[in-house]
Amino acid sequence: MRTAVLMFALLASLHGAITDQRLAEIFSPFRIDRAALSPNGRYVAYTLRDGDTVSVPTAAVDTPDHALTKALAATDSLAETFHQPGFFHEPAEVRWLDWLDDDQVAVLTNIQFLVVRGNGQQGRSGVLHVIDRVTGQCRKIHDAKEAAGNLRVLFVHPENPHEIVVQQGDDVIQIVSSGAKPRTIDRTELRRVTAIYQQQRATARAAQRDSRERLRTLLPAHELDLRRDRPDSGDRALYLAQSVADPGGFIVHEPASNRVWDFLRRSTTDSGQRALRTENFVFPSDDGGAPASGLLVFPVDPRIRRAPLVIWMADLPGRTADRRYRPEVQALAEFGFAVAVIDETKTFGADRDALAAHLARTIDLLAEHYPVSRRSVALAGKRSGAARALSIATRPARSYRAVVAVLPEPVTGHDHSESPQLLSPQDLVASSRVSDCAFFVCSWPGPPQRPLPLPSHSAALGAAELLRRCGAMVELRKESDDVRAARPAALAATFRAIESFLNAHLYRYSVELKEIDVVESDVPLPQR
């Protein structure tokens, strides 16, 4: 009895370390989201969120802690000027940012307008500003109020960097500059300037190939995204460096001197953050098939010898593991779970049995080389990843203790008859496997799903009924509409429920006793 009490105390301490505030921070908008390097390589412009406002400061690369100028770009109140059924609150953001020259920065924000057209009302979003680096003056040069649709910047004109190629709606392409009225161009002209732009972009990226390879040796588990792909005269490059469980930040690299500036962190609110370790893994196949590869994230200071393992299924099948930041992976890892994101090559295609066998082999290999449990394993994913997690759990290749499926809500008023079913009776032939697994199906607190042929939370209801008929335990959680405006808090609440679910089903204490470090009897029970 004494051992059981101490064991519960230890595990509660392990999983209670991440606070609700920290969990909401993980799902909050980045404090610094975008950045761009000036053509001469001396200055960086970046977006900065402070409360409900987003501004664009500029700073010298050599003195990054001192902002030279700062211009207000947008506020949350302007980004949500209209509310109608089907529209969802979006915080203010800069959707595009680039330099026109060494002193002029162009930004596109998501400020919205409610436009009356005929007998109805339509939403339009997008405002183009030009910010002067020297004075900090911000001038509007174009907006979507009178446009044929939302504004979307395609690229800076490759022959005249003071002009911006903008798409309005579906068809209208215009050239916008700071000193003249926009002019419309036809498809022939668009193809010509696009070809020039793509050639210049390829040339710039080829010139930075050596720089990228050097940085990869320093940051092997990070995704490096070049943020300046124009053939300018500067000899520095700006990268966004991020990993699957770390939002990362922007770094400047000077290949000639091999000097690196760790310039800007995307998220600076790291209160209570748990130290995580991210590693690439590759295990060759014995029979010449696809290697077992991907990313593994686990706590640096685990309290138990072998952490329960959560396999996070990628949103898109048949791809290598996405190295870009995923807040869901970071949240699960900070809870104390080891989280693996597996490469799903095109070898498997739609063959779920082959993918299930590949996952089973990968789990055994991970347990051989890393401090993770091969018995306490869960599958998790959202959207298409959730559908594959549900399907793979029914395959006979391996038994899983839990499955978490996070699915978006469908748009009301649309026909979703083409939406694929999550499970069919044929999927449940291995019902003995399913009955040992617990299922948690929840809706994603965010914008309603567009009417696309993707699985939604409503499609999960039929799957839940099939699972229950096979003796599986199924929990359903549906977010109410009134929590969607406070999206970070709603996501935090959803993942707190996921944590409780995984704690209940991944820790079977009578089985896992040898993998737990039992503490002394005088340790008090933690307070949640």
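Residues numbered from 1 in each chain as written. Predicted model: local features only at pLDDT ≥ 70, side-chain atom pairs only at ≥ 80, totals over all residues. Heavy atoms only, no water.

**Some thoughts on the overall build of the chain**
The test is simple: Only DSSP runs of H or I reaching four residues or more are called helices, and only runs of E reaching two or more are called strands; each is numbered from the N terminus. Each residue is placed in one exposure class: buried if its accessible area under a 1.4 Å probe, protein chains only, is under 20% of its type's maximum, exposed if it is over 50%, and partly exposed if it falls in between. In this analysis, two residues are considered to be in contact whenever any of their non-hydrogen atoms come within 4.5 Å of each other. Using a 1.4 Å probe, the Shrake-Rupley method yields the accessible areas, and only the shown protein chains count as cover for residues.
Summing up its helical and strand segments, the chain has 12 helices and 25 strands in all. Buried residues in the chain amount to 53% of all 528 residues. Restricting the contact set of the chain to residue pairs at least 6 apart, pairs at least 24 apart contribute 64%. Surface exposure of the chain reaches about 23,900 Å², of which carbon and sulfur atoms provide 50%.

**With respect to the pattern of salt bridges**
Stated formally: The salt bridge definition used is simple: a Lys or Arg side-chain nitrogen within 4 Å of an Asp or Glu carboxyl oxygen.
Taken as a whole, this structure holds 17 salt bridges when the rule is applied. As a salt-bridge pair, Arg216 and Glu213 come within 2.9 Å of each other at their nearest N and O atoms. Linking Arg216 with Glu213, this pair stays in helix 5 (residues 209–218), spanning 3 residues, or about one helical turn. Note on Arg216: relative accessible area 39%, which makes it partly exposed. Judged by relative accessible area, Glu213 falls into the partly exposed class, the value being 39%. Through salt bridges that share partners, Arg22, Glu25 and Glu334 make up one connected network.

**Details of the sheet that holds strand 12 (residues 172–177)**
Basically, it comes down to this: At least two DSSP bridges between two strands are required for those strands to pair. Fitting a line to C-alpha atoms yields each axis, with helices limited to the stretch in contact; the angle taken between N-to-C directions then spans 0 to 180 degrees.
Taken in spatial order, the 4 strands make up an open sheet running 10-11-12-13, and their pairing is antiparallel. Looking at strand neighbours, the two that pair on one side only are strand 10 (151–156) and strand 13 (183–184), the edges of this open sheet. Pairing geometry for strand 11 (residues 163–168) and strand 12, over 6 bridges, is antiparallel. Pairing of Val166 across the sheet is with Gln174, part of strand 12. Of the strands in this sheet, strand 10, strand 11 and strand 12 touch helix 4 (residues 187–207), which is tilted by about 55° from strand 10.

**Looking at the nonpolar core**
Side chains that are nonpolar tend, in soluble globular proteins, to be buried together. The following threshold applies: Joining through side-chain atoms within 4.5 Å is the link that ties buried Ala, Val, Leu, Ile, Met, Phe, Trp, Tyr and Cys residues into a set, and such a set is a nonpolar core.
Ranked by size, the top nonpolar core spans 39 residues in total, and within it Leu23, Leu332, Phe495, Ile498 and Leu502 carry the most contacts. Among the elements that make up this core, the one with the highest residue count is helix 11 (residues 487–506) (8 residues). Setting aside its immediate chain neighbours within four residues, Leu502 contacts Val310, Leu332, Phe337, Ala378, Ala402, Val404 and Tyr507. Judged by nonpolar contacts, the second largest core, of 38 residues, contains Leu359, Val377, Cys437 and Leu467.

**Let's talk about the packing of helix 6 (residues 327–335) against helix 11**
Rules: Oblique is the label for any angle not covered by the other classes, which are roughly parallel (under 35 degrees), roughly antiparallel (over 145) and roughly perpendicular (65 to 115). Each helix crossing is assigned a hand: it is left-handed if the near helix lies turned anticlockwise from the far helix by less than a right angle, otherwise right-handed if that turn is clockwise.
Where helix 6 contacts helix 11, the axes come no closer than 11 Å and their chain directions differ by 45°. By the angle between their axes, helix 6 is oblique relative to helix 11. The handedness of the crossing between helix 6 and helix 11 is right-handed. Here Glu328, Ala331, Leu332 and Phe335 of helix 6 come into contact with helix 11, specifically with Phe495, Arg496, Ile498, Glu499 and Leu502.

**As for the sheet that holds strand 14 (residues 223–226)**
If you trace the 4 strands from one edge of the open sheet to the other, you get 14-15-16-17, paired in antiparallel fashion. Strands at the two margins of the open sheet, each flanked by one partner only, are strand 14 and strand 17 (259–265). Across this sheet, the average inter-strand angle for adjacent strands is 30°, counted without regard to direction. The pairing of strand 16 (residues 246–254) with strand 17 spans 6 bridges and is antiparallel. If you follow Val252 over to strand 17, its bridge partner there is Trp261. Across the sheet, helix 5 touches strand 14, strand 15 (237–243), strand 16 and strand 17, and the angle it forms with strand 14 is around 155°.

**Let's talk about helix 4**
Using the following cut-off: One fewer than the residue count of a helix, multiplied by 1.5 Å, yields its expected span. To be clear, the arc concerns the directions from the helix axis to the C-beta atoms. In protein, a polar contact requires one atom able to donate a hydrogen and another able to accept it; more generally it is a pair of N or O atoms within 3.5 Å, and residues adjacent in sequence count only if both atoms are side-chain atoms.
The end-to-end C-alpha distance of helix 4, which contains 21 residues, comes to 30 Å, matching closely the 30 Å that a straight helix rising 1.5 Å per residue would cover. All of the buried residues in helix 4 are Leu190, Val193, Thr194, Tyr197 and Ala204. Taken end-on, helix 4 shows its buried residues confined to a sector of 105°, consistent with a single buried face. Looking at helix 4, the residues exposed on the side facing more than 90 degrees away from the buried face are Thr188, Arg191 and Gln199. At the N-terminal end of helix 4, a side-chain oxygen is found 3.3 Å from the backbone nitrogen of Thr188, two or three residues along, and the residue is Asp186.

**Comments concerning the packing of helix 7 (residues 352–369) against helix 8 (residues 384–393)**
Filter applied, for reference: Think of it as three bins: nonpolar holds Ala, Val, Leu, Ile, Met, Phe, Trp, Tyr, Cys and Pro, charged holds Asp, Glu, Lys and Arg, and polar takes everything else, Gly as well.
At their nearest, the axes of helix 7 and helix 8 sit 10 Å apart, and the two run at 80° to each other. Taken as axis vectors, helix 7 and helix 8 run roughly perpendicular relative to one another. Here Arg352, Leu355, Ala356 and Leu359 of helix 7 come into contact with helix 8, specifically with Ala387, Arg388, Ser391 and Ile392. Partitioning the contact of helix 7 with helix 8 into residue classes produces 5 nonpolar, 1 polar and 2 charged.

**Digging into the environment of Arg324**
Its place among the elements puts Arg324 in the loop between strand 20 (307–312) and helix 6. What makes Arg324 partly exposed here is its relative accessible area of 43%. Along the chain, Arg324 and Leu224 lie 100 residues apart, while their C-alpha atoms are 8.9 Å from each other. Leave out the neighbours within four places in its chain, and Arg324 touches Glu223, Gln242, Ser243 and Val244.

**Observations regarding the packing of aromatic side chains**
To be explicit about the condition: Ring pairs shown here join Phe, Tyr and Trp side chains whose ring centres sit within 6.5 Å, with only the six-membered ring taken for Trp; geometry is labelled stacked below 30 degrees between planes, edge-to-face above 60, and tilted in between. Only when the NZ of Lys or the CZ of Arg is both within 6 Å of the ring centre and within 35 degrees of the ring normal is a charge said to sit over the ring.
In the structure shown here, the tally under the stated rule is 7 aromatic pairs. On the numbers, 5.2 Å between centres and 40° between planes, the contact of Phe440 with Phe501 is tilted. Here the residue Phe440 occupies a position in strand 24 (residues 438–443), and Phe501 occupies one in helix 11, the gap between them amounting to 61 residues. Among the residues examined, Phe440 registers a relative accessible area of 3% and is labelled buried. The ring centre of Tyr43 lies 4.0 Å from the NZ or CZ of Arg133, which sits over that ring. It is Arg266 that lies over the ring of Phe30; its NZ or CZ is 4.0 Å from the centre.

**Some points on the confidence of the model for the chain**
Counted only if it meets this: The score called pLDDT rates the predictor's confidence residue by residue, from a low of 0 to a high of 100.
Scored by pLDDT, the chain has a mean of 76; 72% of the residues are at 70 or more. Within the chain, helix 1 (residues 2–15) has the poorest average pLDDT of any element, 45, and strand 20 the best, 92. With pLDDT under 50 throughout, residues 12–16 is counted as low confidence; its partners more than four residues away or in other chains account for 16 contacts. Across residues 516–528, confidence stays below pLDDT 50; counting only partners more than four residues off in sequence or on other chains, it has 23 contacts.

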